[in-house]
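Structural overview for review
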Amino acid sequence: MNKILFSALGAPLLALAAAPAYADAGTLNVICGVQAEWCSLVQTTFSRTTGIKVNLVAKGGGEALAQISAESANPKTDVWFGGTGDPHLQAAEKDLTLAYQSPNINLLREWAVNQAKQSGYKTVGIYSGPLGIAYNTELLAKKKLAAPLCWMDLIQPQYKGEVQMANPNSSGTAYMAIATLVQITGEEKAFAYLKALHKNISQYPRSGSGPLKNVSHGENTIAVGWIHDVPGEVMQGFPVKSSAPCEGTGYEVGSMSIIKGARNLVNAKKFYDWALTAPAQELGLAAKQFQLPANKDAKVDARVPDVKRIKLINYDFEKYGKAAERKRLLERWEKEVNGGAN
């Protein structure tokens, strides 16, 4: 009889014994600054791997920084994953994030490690990609407009009402665009340019991905955004192409930070370590995103922009990653461009 019971129940009992004990794995609260599908894959894969319940909200860089600042006395977030590095550096400067040197940092490319060193290990690079111009080829043809290849093209009168850039108050992407222009032309010329560009702007969406999505769906013609986001739109059948501005352009080091005072610190460190591994970084590609992963062993798709063919500026992450500089530039943009230009 015991043999019968064992043969009937043995396999299920052994399966239960082999299953990970996840009952007390706990939770993790994450702000996610990458695209929705990527956020979802990160959430489900880490949760399935560890048994940790991941509560995730998506926010742009500016909004994430504002929330983390507002909640600093009683943090509700454990990890800030993704999004342009400048706001992460500003959070580090404000002592809103926790210094943590992951044992997996030796797996990363030099620019990702530099991001960590610069912040006192309060943030780390997890991917990189260049800023540029995207456009809807069908709309350009229909309106008999040439494809914009340079920053200066975007202020030409024929593009009036055809351009979108995100709002830099809520978007790290748009803030980087402003900082990039300042570094290319000098601040006074950059703001003269932004005032001229404002005349051609149809809308400033809150999210950095908003302008490209609108271009892909034919709701707008031209977007300022990340060049590496364009291949994913093309894969979905949208008539979109990109150009790296001829004058030169900046690039992001998408980053990750642990929030100081995180309620689930042990789980936050587990997530941080996991997110630096090659399999975790390849989830970006699985979500049809084409940034260059920080992990040296992660697969790199052929559609990832070749930076050797792009005129990248020597972007000053230290200066433009400072909270005071961001505040100053955004206040000037709000006063002179968004509020003062007609």
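The structure reproduced in this document is the subject of the present report. None of the values given here were measured: they were computed from a predicted structure.

**Comments concerning the overall build of the chain**
Of regular secondary structure, the chain possesses 15 helices and 10 strands. The principal-axis extent of the C-alpha atoms belonging to the chain is close to 90 × 45 × 35 Å. Within the span of the chain, comprising 342 residues, buried residues form 54% of the whole. Contacts in the chain between residues far apart in sequence, at least 24 positions, make up 78% of those at least 6 positions apart. Looking at the chain, you have 37 positive and 30 negative side-chain charges, and the mean spots of the two groups are 2 Å apart.

**Details of the state of the cysteines**
Evaluation of the coordinates by the stated rule reveals two disulfides. Each disulfide pairs two cysteine sulfurs, and for Cys-32 the partner residue is Cys-39, the sulfurs being separated by 2.1 Å. Note on the Cys-32 and Cys-39 pair: the S-S dihedral is about -95 degrees, so by sign convention the disulfide is left-handed. Considered together, Cys-32 and Cys-39 belong to a single accessibility category, that of buried residues. Note that Cys-150 is cross-linked by a disulfide to Cys-246, the S-S spacing being 2.1 Å. The chirality of the disulfide connecting Cys-150 with Cys-246 is right-handed, given an S-S dihedral of about 125 degrees. On the criterion of sequence distance, the pair formed by Cys-150 in the loop between helix H6 (137-142) and strand S5 (163-164) and Cys-246 in the loop between strand S8 (240-243) and strand S9 (251-258) is long-range, its members being 96 residues apart. Ordinal numbering of bonded cysteines along the chain defines a disulfide pattern of 1-2, 3-4.

**Quick notes on helix H5 (residues 110-118)**
Inspection of H5 places Ala-112, Val-113, Gln-115 and Ala-116 among the buried residues, and these make up the whole buried set. Take H5 and look down its axis: the buried residues cluster within an arc of 150 degrees, on one side only. Looking at H5, the residues exposed on the side facing more than 90 degrees away from the buried face are Glu-110 and Lys-117. In this structure, the buried residues of H5 make contact with helix H4 (85-93), strand S4 (124-136), S9 and helix H14 (317-320). Phi turns positive, to about 70 degrees, at Gly-120, one or two residues after H5.

**Comments concerning the environment of Glu-325**
Relative to the elements of secondary structure, Glu-325 occurs in helix H15 (residues 323-338). The class for Glu-325 is buried, based on a relative accessible area of 13%. Note: C-alpha distance between Glu-325 and Ala-179 (146 residues apart in sequence) is 9.5 Å. Ignoring anything within four residues of it in the chain, the contact list for Glu-325 reads Tyr-175, Lys-319 and Tyr-320. A polar contact of 2.9 Å, which involves the side chain of Glu-325, links it to the side chain of Arg-328.

**Some words on H15**
Along H15, the positions that sit buried rather than exposed are Ala-323, Glu-325, Arg-326, Leu-329, Leu-330, Arg-332, Trp-333 and Val-337. In this structure, the buried side of H15 is in contact with helix H3 (61-70), H4, helix H7 (172-185), helix H8 (187-198) and H14.

**Quick word on the packing of helix H2 (residues 36-50) against helix H11 (residues 265-275)**
The interhelical angle for the contact between H2 and H11, taken along N-to-C directions, is 115 degrees, at an axis separation of 12 Å. On the basis of their axis angle, the class for H2 and H11 is roughly perpendicular. Note on packing geometry: the crossing formed by H2 with H11 is right-handed. Residues Val-42, Thr-45 and Phe-46 of H2 touch H11, and the partners they reach there are Asn-267, Lys-270, Phe-271 and Trp-274.

**Structural notes on the side chain of His-88**
Relative to the helices and strands, His-88 resides in helix H4. Discounting residues that sit within four places of it in the chain, His-88 has contacts with Trp-80, Gly-82, Gly-83, Thr-123, Ser-255, Met-256 and Ser-257.

**Observations regarding the packing of aromatic side chains**
Taken as a whole and judged by the stated rule, the model has 11 aromatic pairs. Residues Phe-81 and Phe-271 carry aromatic rings whose centres are separated by 5.8 Å and whose planes lie at 85 degrees to one another, so their mutual orientation is edge-to-face. With a gap of 190 residues between them, Phe-81 in strand S3 (residues 79-81) and Phe-271 in helix H11 connect regions that are remote in the sequence. Side by side, Phe-81 and Phe-271 carry an identical accessibility label, which is buried. Arranged with centres 4.7 Å apart and planes meeting at 55 degrees, the rings of Tyr-315 and Phe-317 form a pair that is tilted. The same class applies to Tyr-315 and to Phe-317, which are both buried. Among the aromatic side chains, those forming a connected cluster through ring pairs are Trp-38, Phe-46, Phe-81, Tyr-127, Phe-271 and Trp-274. Just above the ring of Phe-191 sits the side chain of Arg-332; from NZ or CZ to the centre is 4.4 Å.

**A look at unusual backbone geometry**
Despite not being glycine, Tyr-121 has its phi angle at roughly 65 degrees, a positive value. A positive phi angle, near 65 degrees, is found at Lys-288, a position not held by glycine. In this fold, Lys-288 is placed in the loop between helix H13 (283-286) and strand S10 (292-293).

**What to know about the packing of H8 against H15**
Two numbers describe how H8 lies on H15: the axes approach to 10 Å, and their chain directions differ by 45 degrees. The angle between H8 and H15 places the two elements in the oblique class. Here H8 runs over H15; the crossing is right-handed. Only Arg-328, Leu-329, Arg-332, Trp-333, Glu-336, Val-337 and Asn-338 of H15 make contact with H8, whose side of the interface consists of Glu-187, Glu-188, Phe-191, Leu-194, Lys-195 and His-198. Here the contact of H8 with H15 is built from residues that sort into five nonpolar, two polar and six charged.

Definitions and cut-offs
Residues numbered from 1 in each chain as written. Predicted model: local features only at pLDDT ≥ 70, side-chain atom pairs only at ≥ 80, totals over all residues. Heavy atoms only, no water. Helix = DSSP H or I, 4+ residues; strand = E, 2+ residues; numbered from the N terminus. Buried < 20%, exposed > 50% of the residue type's maximum accessible area, 1.4 Å probe, protein only. Contact = heavy atoms within 4.5 Å. Lys, Arg positive; Asp, Glu negative; His and termini not counted. Charge placed at Lys NZ, Arg CZ, Asp CG, Glu CD. Disulfide = S-S within 2.5 Å. Arc of directions from axis to C-beta. Polar contact = N/O pair within 3.5 Å; in protein donor to acceptor, adjacent residues only side chain to side chain. Axes fitted to C-alpha atoms, helices over the stretch in contact; angles between N-to-C directions. Parallel < 35°, antiparallel > 145°, perpendicular 65-115°, else oblique. Left-handed = near helix turned anticlockwise from the far one by under 90°. Phe/Tyr/Trp six-rings, centres within 6.5 Å; stacked < 30°, edge-to-face > 60°. Lys NZ or Arg CZ within 6 Å of the ring centre and 35° of its normal. Nonpolar A, V, L, I, M, F, W, Y, C, P; charged D, E, K, R; others polar.

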